[in-house]
Amino acid sequence: MVEITLENLTKYFGSVKALDNLNLKIHDKELMVLLGPSGCGKTTTLRIIAGLEKATSGHLYFGNKLMDKVPVRERNVSMVFQSYALFPHMKVFDNIAFPLVIAKYPKDEIKKRVKEIAEILRIDDLLDRKPHQLSGGQQQRVALGRALIRKPTVLLLDEPLANLDAKLRVEMRSEIKRLQRSFESTAIYVTHDQVEAMSIADRIAVLKDGQLQQVGTPDELYHHPDNIFVAGFIGTPSMNLLDCSFDEEKGVLDFGSFTLDVPENIKPLLKGYSEVIVGIRARDLQVSKEKMPDSIPLEVYTIEPLGEETIIILSSENVRIRVVTHVEFKADIGEKVWVSFDLDRMHIFDKKTEKAIV
Amino acid sequence: MSGILKKIGEPSYTLLEYVVLITLMTYVLTPLLWLLETSVNTDPVPYLSIPKGITIDHFIAVLTNRPITGGYAAHPVYMTRWIVNSLIISGTTVIIVVILAVLASYSLSRLRFRGKNLLMTLILLSGFMPRMAMILPLFQLCRTLGLVDNLIGVAIVVASGTLPTQIWILKGFFDQLPRDLEEQAWICGCDRVSAVFRIILPNVGPGLAVVAFMSFLSGWGAFTIPLILIRREYLFPISLGIASVFIHNPGEIGLVVDYGPTCALAVLYAIPSIALYILLRERLMEIRLARLEVR
Ligand SMILES: Nc1ncnc2c1ncn2[C@@H]1O[C@H](COP(=O)(O)OP(=O)(O)O)[C@@H](O)[C@H]1O
Ligand SMILES: [Mg+2]
């Protein structure tokens, strides 16, 4: 129920730079996902927002209010830790009720609200148990219940599903999204799993080494990655990233063992660049056993059938390319096949800056 | 048949184990049995004997301060008072140690400050130091503060002796408790103090129990410190009292020591340690099991 602004946040742990000049706005009632590999500073960001950690420099605002010096307990922020951090000596009921007990709500009110939330989370039959008598999924729900019960202005979730098995993970992530919508909290959800991020996020902020790489809707990140890191991180299977050089005279991209003609509309954009990286998604490639116009011959390296689809890895001397085909396409390892590129869906990055050109 | 032969042929380790065990038990338990026997014997004598009859009169005598008439032994008149004195010393020691150990070990476990390692080393070292090495300054200090012939004074000195060890023990328990729990408490709206009381202390129950137990015992068993700080017989703790029974009656001790009540007092003296141990052991086991299940 508030807009969160991170302004030039930098955080050092000793000499380790955990966050590097992070600027990010999280809109009111939005579910923002912080996505990035382990150690990129996601937890640190959450802890700064919760007030558990002080930024080395920079500012944090809730709405227009500067929060830097506001103590943790006065922020009305709820946080679900990766470990859940349920209080082991308290029953489930007391765990969920805890924030209201501390806020000195009347007993009847507490009972009513705990019952309500326990029903929503389908844990109303577990209220008399101690945390150690619950399964991982149940513990997770209790932690969520405790986080939601006081209708927090900000809801922080640190890899809330990381400790659950795959099936439960898929189930819970849609549930979390639904809950966040109905409680109208501004939520920040941390994960290193890009599929999870894509499926739950209103917007995603991609972090790497404490630096913000790109912010956008899942769609934007998928179709218009700003740089090589985002391009490679988002999407399954990950995008093919191929080293090549741009030959301005001939107007071709030279991959060593083959060349591709650059479409006329892109040529001017590439002016001045020589070493570039071409990114193309495995689904934007067509593979066939016969020669097609503008196709190049490659050898089948491995085949990974995935049920509906098959991932084929193709190779020539110095390139490996992943292609997704229909399962009916059969080929043998070592066989020669023809691949055509959908050049309109191609991404081109500057090799030096790793930034997107096209 | 062949089974028995086989057993004789191979020396059984279990038999050896039993021999060792029984020897040890005889060694440990004989004095205890002796003590128990004398304390309930209608005709207590200073050697192990089959009681002619069983009585609890000696215990009643000790607890009500009423001498058993008809004996020719001198009955110490302060026995009941000694029990109370020991309880006061031990109880006060527990209170002092638990409060100070909680404060100190929480700070050492959770706060970051300059010179922390040095401070911890000093605490550890002072715990190793024998109390008697410092008895002169301690005595002078107590005299200046009016703590001679004062039970609270004894408790303070005893507590100062055991405190360093207890701080280290409790710090270990605090260190093991995940910080997450405390941080979650803050997020839920607790300040530091209420987080300690509502979340941390309930989860270091076993640690508190150990500290309380050990400091109770150090007060209950204290001998040398009361010996130096307590002059008046009615302020003796049990330890000094029992000793004084022998010291006051030199010579043929068998004729003058009132063995029945003295042994009854000694039995009573032993009970709290054993009871506390049994109580605590169950609590420790229970909590450790629960902990294991959580993760
Ligand atoms: N308390 C700490 N002390 C020292 N270094 C830390 C601490 N917390 C995090 N770091 C470092 O900061 C970086 C970011 O950590 P973190 O925010 O936990 O990453 P993530 O949650 O994205 O995996 C890592 O290099 C980590 O080692
Ligand atoms: Mg993390």
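All figures in this text were calculated on a predicted structure; none of them were measured in a lab. (Residues numbered from 1 in each chain as written. Chains lettered and ligands numbered in written order. Predicted model: local features only at pLDDT ≥ 70, side-chain atom pairs only at ≥ 80, totals over all residues. Heavy atoms only, no water.)

Asks: Help me understand the overall build of chain A in this model?
Replies: Helix and strand content of chain A: nine helices and 20 strands. Its C-alpha atoms give chain A principal-axis dimensions of roughly 80 × 45 × 35 Å. Of all 358 residues assigned to chain A, the portion counted as buried reaches 52%. In chain A, the proportion of contacts linking residues at least 24 apart, taken out of those at least 6 apart, comes to 67%. Roughly 16,700 Å² of accessible area belongs to chain A as shown, and the carbon and sulfur atoms make up 48% of that amount. Separation between the mean location of the 48 positive side-chain charges and that of the 52 negative ones in chain A comes to 10 Å. (Helix = DSSP H or I, 4+ residues; strand = E, 2+ residues; numbered from the N terminus. Buried < 20%, exposed > 50% of the residue type's maximum accessible area, 1.4 Å probe, protein only. Contact = heavy atoms within 4.5 Å. Areas by Shrake-Rupley, 256 points an atom, 1.4 Å probe, with all protein chains shown as cover. Lys, Arg positive; Asp, Glu negative; His and termini not counted. Charge placed at Lys NZ, Arg CZ, Asp CG, Glu CD.)

Asks: When you look at the sheet that holds strand 5 (residues 65-66) of chain A in this model, what are you seeing that I'm missing?
Replies: Either a parallel or an antiparallel arrangement is found when strands of a sheet pair, and the pairing is made through backbone hydrogen bonds. Residues and elements named next belong to chain A. With respect to topology, four strands assemble into an open sheet ordered 2-1-4-5, the strand pairing being antiparallel. Strands with a single pairing partner mark the edges of an open sheet, and in this sheet they are strand 2 (16-26) and strand 5. The pairing of strand 1 (residues 4-13) with strand 2 spans seven bridges and is antiparallel. Residue Leu-9 lies in a different strand from strand 2, and its bridge partner there is Leu-22. Here helix 1 (residues 42-50) sits on the sheet in contact with strand 1, strand 2 and strand 4 (57-62), set at roughly 115 degrees to strand 1. (Pairing = 2+ DSSP bridges. Axes fitted to C-alpha atoms, helices over the stretch in contact; angles between N-to-C directions.)

Asks: When you look at a nonpolar patch on the surface in this model, what are you seeing that I'm missing?
Replies: Residues and elements named next belong to chain B. Among the surface-exposed residues, Leu-16, Tyr-18, Val-20, Leu-21, Ile-22, Leu-24, Met-25, Tyr-27, Val-28, Leu-29 and Leu-32 lie close enough to one another that they form a single nonpolar patch of about 1,100 Å² accessible area. Tracing the chain through its elements places Val-20 in helix 2 (residues 13-40). Note on Val-20: relative accessible area 46%, which makes it partly exposed. (Patch = residues over 30% accessible without salt bridge, like charges linked within 9 Å, V, L, I, M, F, W, Y side chains within 5 Å. Salt bridge = Lys/Arg side-chain N within 4 Å of Asp/Glu carboxyl O.)

Asks: What am I meant to see in the nonpolar core here?
Replies: In a soluble, globular protein the nonpolar side chains are often hidden away together inside. In this structure, A:Ile4, A:Phe62, A:Phe98 and A:Leu156 are the most contacted members of the largest nonpolar core, which totals 61 residues. Membership of the second largest hydrophobic core comes to 45 residues, among which are A:Ile96, A:Ile117, A:Leu134 and A:Ala201. (Core = buried A, V, L, I, M, F, W, Y, C linked by side-chain atoms within 4.5 Å.)

Asks: Any chance you could explain helix 3 (residues 107-120) of chain A here in plain terms?
Replies: Structurally, the α-helix is built with 3.6 residues per turn, so residues lying three or four positions apart point the same way. Residue and element names in this part refer to chain A. Spanning 14 residues, helix 3 covers 20 Å between terminal C-alpha atoms, matching the ideal 20 Å at 1.5 Å per step. By the burial criterion, the buried members of helix 3 are Ile-110, Arg-113, Val-114, Ile-117 and Ala-118. Buried residues along helix 3 cover an arc of 130 degrees about the axis, so they all sit on one side. Among the exposed residues of helix 3, those oriented more than 90 degrees off its buried face are Asp-108, Lys-111 and Lys-115. (Expected span 1.5 Å × (residues − 1). Arc of directions from axis to C-beta.)

Asks: Help me out: how do you make sense of the pattern of salt bridges in this one?
Replies: A side chain of one charge can pair with a side chain of the opposite charge if their charged atoms are brought near each other. All told, the structure shown has 21 salt bridges over all chains when counted by the stated rule. A:Lys267 is paired through a salt bridge with A:Glu264; the nearest N and O atoms lie 2.8 Å apart. Owing to a relative accessible area of 25%, A:Lys267 belongs among the partly exposed residues under this scheme. Under the relative-accessibility criterion, A:Glu264 is labelled exposed at 59%. With its nearest N and O atoms 2.6 Å apart, the salt bridge here joins B:Glu182 to B:Arg110. Taken together, the positions of B:Glu182 in helix 8 (residues 179-187) and B:Arg110 in helix 4 (residues 79-110) put the pair 72 residues apart, joining distant regions of the chain.

Asks: What's the story with the site of ligand 1 in this structure? I'm lost.
Replies: Residue and element names in this part refer to chain A. Taken together, Phe-13, Val-16, Ala-18, Ser-38, Gly-39, Cys-40, Gly-41, Lys-42, Thr-43 and Thr-44 form the complete shell of residues around ligand 1. At a separation of 2.6 Å, an oxygen atom of ligand 1 approaches a polar backbone atom of Gly-39. A distance of 2.6 Å separates an oxygen atom of ligand 1 from a polar atom in the side chain of Thr-43. Coverage of ligand 1 by the protein amounts to 58% of the 550 Å² it exposes when considered alone. For the shell around ligand 1, the secondary structure elements donating two or more residues are strand 2 and helix 1. Ranked by the residues each element gives to the shell around ligand 1, the list is headed by helix 1, at three residues. Among the residues forming the shell around ligand 1, the class breakdown is four nonpolar, five polar and one charged. (Near = heavy atom within 4 Å. Polar contact = N/O pair within 3.5 Å; in protein donor to acceptor, adjacent residues only side chain to side chain. Nonpolar A, V, L, I, M, F, W, Y, C, P; charged D, E, K, R; others polar.)

Asks: How do you make sense of the domain arrangement of chain A when you look at a structure like this?
Replies: Where interface size is given, it is often the accessible area lost as the parts come together that is meant. Residues and elements named next belong to chain A. In terms of domains, chain A is made up of domain 1 (4-232) and domain 2 (237-350). Inter-centroid distance (C-alpha atoms) of domain 1 to domain 2 is 39 Å. In this complex, domain 1 contributes 10 residues to the contact, which on the side of domain 2 involves nine residues. Between domain 1 and domain 2, a total of about 740 Å² is buried, with carbon and sulfur atoms accounting for 64% of that surface. When the buried area of domain 1 at its contact with domain 2 is split by residue, Tyr-222, Ile-228 and Ala-231 rank highest and sum to 63% of it. Summed over the shared surface of domain 1 and domain 2, the result is zero salt bridges. (Domains from an automatic or database assignment. Buried area = accessible area lost by both parts, 1.4 Å probe.)

Asks: Mind showing me how you'd approach the packing of aromatic side chains here?
Replies: Two numbers describe a pair of aromatic rings. These are the distance of the centres and the angle of the planes. Summed over the entire model, instances satisfying the criterion amount to nine aromatic pairs over all chains. Relative to B:Tyr269, the ring of B:Trp220 lies with its centre 5.5 Å away and its plane at 35 degrees, an arrangement referred to as tilted. Here B:Trp220 is found in helix 10 (residues 205-220), whereas its partner B:Tyr269 is found in helix 14 (residues 259-294), with 49 residues between them in sequence. Relative accessible area serves as the criterion here: at 4%, B:Trp220 is assigned to the buried category. By relative accessible area, which is 18% here, B:Tyr269 ends up buried. Taken together, A:Phe255, A:Phe258 and A:Phe341 form an aromatic cluster joined through their ring pairs. (Phe/Tyr/Trp six-rings, centres within 6.5 Å; stacked < 30°, edge-to-face > 60°.)

Asks: I'm lost on the sheet that holds strand 11 (residues 240-247) of chain A in this one. Help?
Replies: Residues and elements named next belong to chain A. Across the sheet, five strands lie side by side as 13-12-11-14-20; this open sheet has antiparallel pairing. Edge strands, defined here as strands with exactly one partner in the open sheet, are strand 13 (259-261) and strand 20 (347-350). Across this sheet, the average inter-strand angle for adjacent strands is 35 degrees, counted without regard to direction. Both strand 14 (residues 275-280) and strand 20 contribute to a ladder of four bridges, which runs antiparallel. Residue pairing in the sheet places Val-278 in a bridge with Ile-348 of strand 20.

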